Amino acid sequence: MALLSSPGTTAFRSISSLIGRGVHRASKMSSRNPIEMIVAILILASFSYFYLFNLARTSDIFSGTVTRLYPTTAYADGHAKEFSVVESMDSVPKNAIKIHLKQILVTDPHRSLLNQKTLSSVLHFQRLIENEIYVPDNTAVNRFAYNHDLCYKVSLTHDRPNMCFTQSPLAFWNNDIEVLQADNDLLATLKENQNTANYIFEDLQYDTSSTHSLVLSYAFNASSVYRQQLNAIWSHKVATLPPADLVSLSNTGQQETVFSWLFIITRNVVFRLKELIEVADNIDIIVILAGYVMMIATFVSLYMNMRAMGSRYTLATAVVFNGFFSFMLALLTVHALGVGVYPVVLAEAIPFLAVTIGFERPFTLTKRVFQYSRETPLTKQEIRKTIVRAVDSVALPIARDCFMEITVLVLGAKSGISGLQEFCLLSAILLAYDLIIMFTWYTAVLALKLELLRIREINSSTAKSVEKKPANTGYIRRTVLRAISDNSAAGRNPNQQVDNPIIGRIKLLMIVGFVGMHIFKICSTFQSSGPRVNIADPTVAGVLTQLLQLHRSSLQSSLPIVVEVFPPLPFHVASWNKGLLPAAISEPLEALFNICAVYIQHPVISKWLTLALFVSLFLNTYLFKVAKQPKQLVEHTQPEKNTVVVTKVSPTVELSEKQKVAVNQAVPVAKTEVRSVAHRHPHRYPESDTVRPIEECMTLLRTPHELTNEEIISLVQAGKIAPYALERMLGDLQRAVSIRRALISRASITKTLESSALPLENYWYEKVMGACCENVIGYMPIPVGVAGPMLIDDESIHIPMATTEGCLVASAARGCKAINAGGGARTILTADGMTRGPCVEFPNITMAGECKRWIEQEGNEIVTAAFNSTSRFARLRKLKVALAGKLVFIRFSTTTGDAMGMNMISKGCEKAISVLSEHFPEMQVISLSGNYCTDKKPAAINWIEGRGKSVVAEAVIPGHVVEKVLKTTVAALVELNISKNLIGSAMAGSVGGFNAHAANILTAIYLATGQDPAQNVESSNCITLMKAINDGQDLHISCTMPSIEVGTIGGGTILPPQQSMLDMLGVRGPHPTEPGKNAQRLARIICASVMAGELSLCAALAAGHLVKAHMAHNRAAPAAATSAPAVTAAPEPGTCIKS
């Protein structure tokens, strides 16, 4: 019997189908027109931003008060003799007279206000705000001023006109400037009205005739909601008056710069949180703190996850903007619904908003898009279909989880709890907008990202689709990641739908728990109130007393009265200090910005600006679509105006078409950016033949630029400054090096260093300090030559070599020439693993053996997880354990990304050893490095097991090239290699030294590229093999190097000259998508270069030309040559220069 579908199930399917179709169409449109969609969302967000900003300017978000005060409501019934504070207006009778009391506090901390000039300024200000401030606007029909419309008017008798209540010190002079100017004794006038003056002037001192603050008080009619809104607008207009004789402290954003606004908002949010902490319970503080920790973790996790997928900052930043746009649109919608939500008032809600949005939805979409994009090369894909396919696979699960979260938040919005209600409503609307913008804006960003990757792949001849391997994380981290991340798609059929709603469920539980805590009043983070205005303060109490007396004598004295006392608006008397910019600059800029603002708001000009925006959008879209075409289609339009350098290998050797393209390639000379050298123009310091006493110099240590170099030297010699601390104390690195150099020279036997030829100036000392060298006295220049180009894995590479050995570069260049003639060198990487071998000790060999067994069996995963938890790049590959008595040596072998990795692996070993000690408490750590690594020492273990990068290079040299270029024969080379490199090295008991001079080439490249030259000991391990092939006609040569230790980040590679050499090789810094690829490429280049050097030197030895070449070209002529013409001998065939 068939089961009929219930109406609920049918409706659910219909809704799901409708949502699926809508998302499909939105993603299809976004992926087809990504730029248009991005611009459309940006325009919408811009309008939202400007509208919200205008709203915020009238709210308390830009309040300039240092401590946020909240209004206090004072109430007096028909018979009360004084006001009392009430918490809520609900208990106030409906017939009560409602008044708003607003005060203006005028201060001058530097001068007394009791002078006619200042009081005249206050009087002008008072007339301005009472008669010329119109609200809500300045139109003739719809404008209201304080004196005529807004003030609270007291009716004393039926025949007397109503009068506004205003409390001002200028009333002592009848608010008349002529009376004020005619008063020669202001203090006497105040003494006549001492009771009133005492609370109008806060700190009036009769004995010194001075006061630094006064208060203006205004009572507003607040009988209706409309009047209360008008009062608020009036206060805002007063607070934002442009600077004149009196300057508003609330108008700190008067320059209206973005940085000023952000600073004010951030400051007010911080102060709001500080107030909440002071008045909140412990549970509230814990909830808020947890929210901020979760928010920070959310952002950090976003950038780390996106970086792991191959996008450093672009996609993560786009996701953040996605949330920010949703937040602005949600605020706009909430305001349109009439719900008051302000970031300052609900500052504690910000972290929960960030956590509520979350970033797992964009991350899931991004992961699926990249997963589908790697199925086939991007050059063969249609990006739009890839995007739509990925969106369709995740749309319904994402929409379902989002709908459930919105449902819970809507229930929270219906709770009626103040604060929680607004937060839940804002969050629900925000989630809806976030979902919409993600499938429009962010989908367009993903499409644009894939298009750019596709263009890059088209333009790159060696681009390959790389499948990133999942990182091998620690045990605890793996467990957490399994619980909260969607890794189920990895390694499965992409067409298989995988639905893992764990993250959505966790967030849903968090939201339910958060709402429940507020409903059941476990905490009240959104209901805390800050400090209120103190009505017992004399400046407030005196005004309230006078207001109550007037009310008691009025015709409405029998009615109760309620006064809402607002915090005072702070003003200060202007002091004509200079701003950050001179008036000659600031005034034209301000005028320019004002003109721009007028034009943008102009009804005609704004339309032309909009039209220009769309024309620009069309042109950019057209150019982008042209850029998406393959390079071959647009290449003919590029004029050949670039300067080219044509590199030729051998004009006498016939090459294949592929080799000609790779070798005889015209390479455009690009303009390289020349980085400025730090301290190229050092500061001029005082010079004097007179050295001041030590005591006087000590007083100037905080200002070292006032001391001469000789005075600093005297301080160091007196023990007042440590020589190693000169850089930190002086701040000028080059000056510190110069002074240390003088100190060392004067303390040495020869005293020659100070005036020696060792270079000092124009070096990157800021790169050296704390990274490369200590107690620096200069730098040692080494000549850098270049060998090649050499074809290495079908790429033409120039090889930089820093050396002082003559003929070395020329000899390597000859080897490159011979190898190129045979088709170039081929290399393979057989292993990659830097090692560290700690030594630990046990009480007896039984325990030591148990430790070895545990590490090799059940403890292997535990040790590996502990090691991997210390770095994103270090991944333990192999553990080798050996015993010597009761000593245990553990050799960790690990990949280290593009770093050489000694520091990285040492950190991991330390963590692994600490975990090992938990399982074996009797274990004692002898040394983190037990020479079982082995580092910078000859060792058979490196030769057998390998260390760093293990590389093999080979080449085939045609017989005629051996004879013409190398000036020898194939048979002679093979015989020499067996006799010298194999048998001779074996006779010497060599370990890894079965070569002619691998260390020569390797060390020269190490010095040029910033590697550690001391590691040439193990890195030069090499066996060179030569064999006659093709019936003895051609030569096969190979070099096997099992322990090349190199890196492209860290150490000496941070120095600009060394970085430029890595740039030339194309391996500078970390590889953007495959960590470790650059360092591996550098190791391949080194191995191939060593092979070129081996080939050339063995050929010179076989031909008997080595000594002649060095005698001719490695002996410099005397500096003082005679005037007789030099006789140049004809070069011998096969020498290092002319062969």
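Engineer: What am I meant to see in the overall build of the chain here?
Structural biologist: Across its full length, the chain holds 39 helices and 25 strands. Within the chain, the fraction of its 1139 residues that count as buried is 45%. Of the contacts made within the chain by residues no fewer than 6 positions apart, 73% connect residues no fewer than 24 positions apart. Element-wise, carbon and sulfur atoms account for 59% of the exposed surface of the chain, whose accessible area totals about 59,100 Å².

Engineer: Help me out: how do you make sense of the side chain of Arg836 in this one?
Structural biologist: Topologically, Arg836 is positioned in strand β17 (residues 826-836). Side-chain polar atoms of Arg836 contact the side chain of Ser906, separated by 3.3 Å. Not counting residues within four places of it along the chain, the set of residues in contact with Arg836 comprises Ile890, Arg891, Phe892, Met902, Ile905, Ser906, Cys909, Leu928, Ser929 and Cys933.

Engineer: Quick question: what am I supposed to make of the state of the cysteines here?
Structural biologist: By definition, a disulfide links the sulfur atoms of two cysteines through a covalent bond. With the rule as written, the count across this model stands at one disulfide. Unpaired in terms of disulfides, Cys933 finds its nearest cysteine sulfur in Cys909, a separation of 7.9 Å. Cysteine Cys1098 remains unbridged, with the sulfur of Cys1039 as its closest cysteine sulfur at 8.7 Å. The buried category is assigned to Cys1098, whose relative accessible area is 0%.

Engineer: Got a minute to help me understand a nonpolar patch on the surface in this structure?
Structural biologist: Residues Ile15, Ile19 and Leu396 make up a contiguous nonpolar surface patch of roughly 250 Å² in combined accessible area. One can find Ile15 in helix α1 (residues 7-32). Residue class for Ile15 comes out partly exposed when judged on its relative accessible area of 49%.

Engineer: Whenever I open this one, the pairing of strand β9 (residues 213-221) confuses me. Can you help?
Structural biologist: Residues in a regular strand point their side chains to alternate faces of the sheet. Where burial is concerned, most of β9 is hidden: eight out of the nine residues are buried. Note: strand β8 (residues 166-167) against β9, two bridges, orientation antiparallel. Note that in β9 the partner of Thr166 across the bridge is Tyr218.

Engineer: Help me out: how do you make sense of helix α38 (residues 1077-1103) in this one?
Structural biologist: Along an α-helix, a turn takes 3.6 residues, which lines up residues three or four apart on a common side. For α38, with 27 residues, the first-to-last C-alpha span of 39 Å sits near the 39 Å given by 1.5 Å per residue. Counting buried positions over the 27 residues of α38 gives 22, a clear majority of the element. Where α38 terminates, the next one or two residues include Gly1104, which has phi positive at roughly 75°.

Engineer: Just checking my understanding: could you explain the nonpolar core for this structure?
Structural biologist: What tends to happen in soluble globular proteins is that the nonpolar side chains get buried as a cluster. Formed by 58 residues in total, the largest nonpolar core has its most connected members in Ile104 and Trp234. Counting residues in hydrophobic clusters, the runner-up holds 57 residues, among them Leu808, Val970, Leu976 and Leu1097.

Engineer: Please explain the packing of aromatic side chains as it appears in this structure.
Structural biologist: Each pair of aromatic rings is reported with the distance of its centres and the angle of its planes. Under the definition given, this model contains 18 aromatic pairs. Pairing Phe125 with Phe571 gives two aromatic rings, centres 4.9 Å apart and planes at 55°, and the pair type is tilted. You can see Phe125 sitting in helix α3 (residues 116-131) and its partner Phe571 sitting in strand β12 (residues 569-573), a full 446 residues away along the chain. Phe571 carries the same exposure label as Phe125, and that label is buried.

Engineer: I keep staring at the pattern of salt bridges and nothing clicks. Help me out?
Structural biologist: Oppositely charged side chains may form a pair once their charged atoms are brought near each other. Summed over all chains, the structure comprises 26 salt bridges. For Lys385, the salt bridge identified is with Glu382, shortest N-O distance 3.5 Å. According to the relative accessible area criterion, Glu382 is partly exposed, its value standing at 38%. Residue Arg740 pairs with Glu727 through a salt bridge whose shortest N-O separation is 2.8 Å.

Engineer: What am I meant to see in the environment of Ile739 here?
Structural biologist: With respect to the helices and strands, Ile739 occurs in helix α26 (residues 733-747). Measuring from C-alpha to C-alpha, the distance between Ile739 and Val716 comes to 9.6 Å, with 23 residues separating the pair along the chain.

Engineer: Explanation requested: the environment of Phe47 in the structure shown.
Structural biologist: Within the fold, Phe47 resides in helix α2 (residues 34-57). For the pair Phe47 and Met328, spaced 281 residues apart in sequence, the C-alpha to C-alpha distance is 9.9 Å.

Engineer: Sorry if this is basic, but what is going on with the packing of helix α30 (residues 860-868) against helix α31 (residues 902-919) here?
Structural biologist: The description of two packed helices rests on the angle between their axes and on the distance between the axes. In the contact formed by α30 and α31, the axes pass within 8 Å of each other and the chain directions differ by 140°. What the angle tells us is that α30 and α31 run oblique. Handedness of the crossing formed by α30 with α31: right-handed. Facing α30, whose interface residues are Ile862, Val863, Ala866 and Phe867, α31 presents Ile905, Gly908, Cys909, Lys911, Ala912, Val915 and His919.

Engineer: I would appreciate a short explanation of helix α29 (residues 845-856) in the present structure.
Structural biologist: Taking 1.5 Å of rise per residue, twelve residues should cover 16 Å, and α29 covers 16 Å from first to last C-alpha, within 8% of that figure. Turning to α29, its buried residues number three or more, namely Ala848, Cys851, Trp854 and Ile855. Buried residues of α29 fall within an arc of 125° about the axis and therefore sit on the same side. Pointing more than 90 degrees away from the buried face of α29 are the exposed residues Ile845 and Thr846.

Engineer: Sorry, what's going on with the environment of Ala1103 here?
Structural biologist: Within the secondary structure, Ala1103 is located in helix α38. Between the C-alpha atoms of Ala1103 and Thr969, which are 134 residues apart in sequence, the distance is 8.7 Å.

Engineer: Looking at this structure, I do not really get unusual backbone geometry. What am I missing?
Structural biologist: Glycine aside, negative phi is the norm for most residues, and most peptide bonds take the trans geometry. The step from Gly788 to Pro789 runs through a cis peptide bond, and the omega angle for that step is 10°. Here Pro789 is to be found in strand β15 (residues 784-792). The omega angle of the peptide bond from Cys933 to Thr934 is -5°, so this bond is cis rather than trans. With respect to the helices and strands, the residue Thr934 is situated in the loop between β21 (924-927) and α32 (940-945). One non-glycine residue with positive phi stands out, namely Asn775, at about 50°. With respect to the helices and strands, Asn775 occurs in the loop between α27 (765-768) and β15. Overall, the relative accessible area of 48% leaves Asn775 in the partly exposed class. A positive phi angle is found at Cys807, which is not glycine, with a value near 75°. Among the secondary structure elements, Cys807 is positioned in the loop between β16 (795-802) and α28 (808-821).

Engineer: Explain the pairing of β15 here, please?
Structural biologist: Bridge count for β15 against β16 is seven bridges, and the pairing is antiparallel. By the bridge assignment, Ile792 is partnered in β16 with Glu795. What sits between the antiparallel neighbours β15 and β16 is a turn of two residues, in which Asp793 has the positive phi angle 55°.

Engineer: Where do I start with the confidence of the model for the chain in this structure?
Structural biologist: Interpretation of this model should avoid reading the predicted coordinates in detail wherever pLDDT is low. Across the chain, the average pLDDT comes to 77, with 71% of residues at 70 or higher. The low-confidence segment residues 1-5 (pLDDT under 50) makes two contacts with residues lying over four places distant or belonging to another chain. Counting interchain partners and residues more than four positions distant, the pLDDT-below-50 stretch residues 1118-1139 has 20 contacts.

Engineer: Is there a simple way to explain the side chain of Asp935 in this structure?
Structural biologist: Structurally, Asp935 can be placed in the loop between β21 and α32. Among the polar contacts listed, one links the side chain of Asp935 to the side chain of Gln1015, at a separation of 3.1 Å. Excluding its chain neighbours within four sequence positions, the residues that come into contact with Asp935 are Met902, Arg947, Gln1015, Glu1018 and Glu1045.

Engineer: Looking at this structure, how should I read the packing of helix α24 (residues 709-717) against α26?
Structural biologist: Two elements in contact, α24 and α26, have axes separated by 10 Å at closest approach and are oriented at 60°. Between α24 and α26, the interaxial angle falls into the category oblique. As for how α24 packs across α26, the hand of that crossing is right-handed. Where α24 abuts α26, its residues Asn709, Glu710, Ile712, Ile713, Val716 and Gln717 lie against Arg735, Ile739, Ala742, Leu743 and Arg746. Here the residues of the contact of α24 with α26 are counted per class, giving six nonpolar, two polar and three charged.

So, how was this worked out
- Residues numbered from 1 in each chain as written.
- Predicted model: local features only at pLDDT ≥ 70, side-chain atom pairs only at ≥ 80, totals over all residues.
- Heavy atoms only, no water.
- Helix = DSSP H or I, 4+ residues; strand = E, 2+ residues; numbered from the N terminus.
- Buried < 20%, exposed > 50% of the residue type's maximum accessible area, 1.4 Å probe, protein only.
- Contact = heavy atoms within 4.5 Å.
- Areas by Shrake-Rupley, 256 points an atom, 1.4 Å probe, with all protein chains shown as cover.
- Polar contact = N/O pair within 3.5 Å; in protein donor to acceptor, adjacent residues only side chain to side chain.
- Disulfide = S-S within 2.5 Å.
- Patch = residues over 30% accessible without salt bridge, like charges linked within 9 Å, V, L, I, M, F, W, Y side chains within 5 Å.
- Salt bridge = Lys/Arg side-chain N within 4 Å of Asp/Glu carboxyl O.
- Pairing = 2+ DSSP bridges.
- Expected span 1.5 Å × (residues − 1).
- Core = buried A, V, L, I, M, F, W, Y, C linked by side-chain atoms within 4.5 Å.
- Phe/Tyr/Trp six-rings, centres within 6.5 Å; stacked < 30°, edge-to-face > 60°.
- Axes fitted to C-alpha atoms, helices over the stretch in contact; angles between N-to-C directions.
- Parallel < 35°, antiparallel > 145°, perpendicular 65-115°, else oblique.
- Left-handed = near helix turned anticlockwise from the far one by under 90°.
- Arc of directions from axis to C-beta.
- pLDDT = per-residue confidence, 0-100.
- Nonpolar A, V, L, I, M, F, W, Y, C, P; charged D, E, K, R; others polar.

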